[in-house]
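Residues per chain, in single letters:
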Amino acid sequence: MGKKEVVRFKRVLHVRTVERDITRSELAERMVEEGAILGRINETENMRDDAVANFCAPSGAAVSPQELWFARQSIDLMERKLADDRHELETCRYKIEETKAELLTRHQNVQLMSRYVGRLEEKVDKALIDAEQKNLDDIASMRFKRDARGGASV
């Protein structure tokens, strides 16, 4: 194992980190979308509640059947919109849970790869230090042999 392998695995680590960051931003987008849907639901519920209150409130003036029909159709339309928005919210929350699970997996992959790269770097560093120590030992051994033979003065 050499430096090339460490560089290669660092690239893999970088790719996995980028994938995790992309998934994290997807999750943030989905959560913003969830908030927007909840806002629409609350707004529509308030409008519906006001419309129902107005529909049921006694009016001093005579109301034509056509006005009652239009008021009832408006309330029904709001109910259908609420049902659609609630379905959209359910779908959004399902996607949020999927994205959370995917983010967890990607985060675990990044941590795993990070630990592996760290161990590889330690092995490469140890191999370099061992090779350097071996060279120093060889030099010291050669000097010792030269001095033991009554070799040259330094």
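The structure under discussion appears in the preceding block.
First, a word on what this report is: a plain description of the structure on this page.

**With respect to the packing of aromatic side chains**
Stage number 1. By the definition in use, this model includes 2 aromatic pairs.
Stage number 2. Arranged with centres 5.0 Å apart and planes meeting at 75°, the rings of Phe-9 and Tyr-116 form a pair that is edge-to-face. Of this pair, Phe-9 sits in helix α1 (residues 3-56) while Tyr-116 sits in helix α2 (residues 65-148), and the two are 107 residues apart along the sequence.
Stage number 3. The class of Phe-9 is buried, set by a relative accessible area of 19%.
Stage number 4. Here Trp-69 and Phe-70 contribute two aromatic rings whose centre-to-centre distance is 5.2 Å and whose plane-to-plane angle is 65°, an arrangement assigned as edge-to-face.
Stage number 5. Its relative accessible area of 48% is what places Phe-70 among the partly exposed residues.

**Section: the pattern of salt bridges**
Stage number 1. Counting across every chain of the model gives 16 salt bridges.
Stage number 2. Between Asp-130 and Lys-126 there is a salt bridge; the shortest N-O distance is 3.0 Å. One end of the pair, Asp-130, and the other, Lys-126, are both in helix α2, 4 residues apart, so they sit about a helical turn from each other.
Stage number 3. A relative accessible area of 52% places Lys-126 in the exposed class.
Stage number 4. Put simply, Arg-40, Lys-81, Asp-85 and Glu-88 are held in one network by salt bridges that share partners.

**Some points on the side chain of Thr-44**
Stage number 1. Mapped onto the elements of the fold, Thr-44 is located in helix α1.
Stage number 2. Look at Thr-44 and you get buried, because its relative accessible area is 6%.
Stage number 3. At a separation of 2.9 Å, a polar atom in the side chain of Thr-44 contacts the main-chain carbonyl oxygen of Arg-40.
Stage number 4. In this structure Thr-44 touches Met-78, Lys-81, Leu-82 and Asp-85, once residues within four positions along its chain are discounted.

**Points about the environment of Gly-60**
Stage number 1. Inspection of the secondary structure assignment puts Gly-60 in the loop between α1 and α2.
Stage number 2. Judged by relative accessible area, which is 87%, Gly-60 ranks as exposed.
Stage number 3. Put simply, Gly-60 and His-14 are 46 residues apart on the chain and 72 Å apart in space, counted from C-alpha to C-alpha.

**Examining the environment of Leu-128**
Stage number 1. By secondary structure assignment, the location of Leu-128 is in helix α2.
Stage number 2. Look at Leu-128 and you get partly exposed, because its relative accessible area is 45%.
Stage number 3. In this structure, the C-alpha to C-alpha distance between Leu-128 and Gly-2, residues 126 residues apart in sequence, is 9.5 Å.

**A few points about the side chain of Asp-85**
Stage number 1. Counting through the fold element by element, Asp-85 comes out in helix α2.
Stage number 2. Dropping the residues within four chain positions of it, Asp-85 is found in contact with Ile-37, Arg-40, Ile-41 and Thr-44.

**Some thoughts on α1**
Stage number 1. Taking 1.5 Å of rise per residue, the 54 residues of α1 would be expected to cover 80 Å, and the 79 Å separating its terminal C-alpha atoms lies within 8% of that figure.
Stage number 2. Residues of α1 that are buried in the fold lie against α2.

Rules of the game
- Residues numbered from 1 in each chain as written.
- Predicted model: local features only at pLDDT ≥ 70, side-chain atom pairs only at ≥ 80, totals over all residues.
- Heavy atoms only, no water.
- Phe/Tyr/Trp six-rings, centres within 6.5 Å; stacked < 30°, edge-to-face > 60°.
- Helix = DSSP H or I, 4+ residues; strand = E, 2+ residues; numbered from the N terminus.
- Buried < 20%, exposed > 50% of the residue type's maximum accessible area, 1.4 Å probe, protein only.
- Salt bridge = Lys/Arg side-chain N within 4 Å of Asp/Glu carboxyl O.
- Polar contact = N/O pair within 3.5 Å; in protein donor to acceptor, adjacent residues only side chain to side chain.
- Contact = heavy atoms within 4.5 Å.
- Expected span 1.5 Å × (residues − 1).

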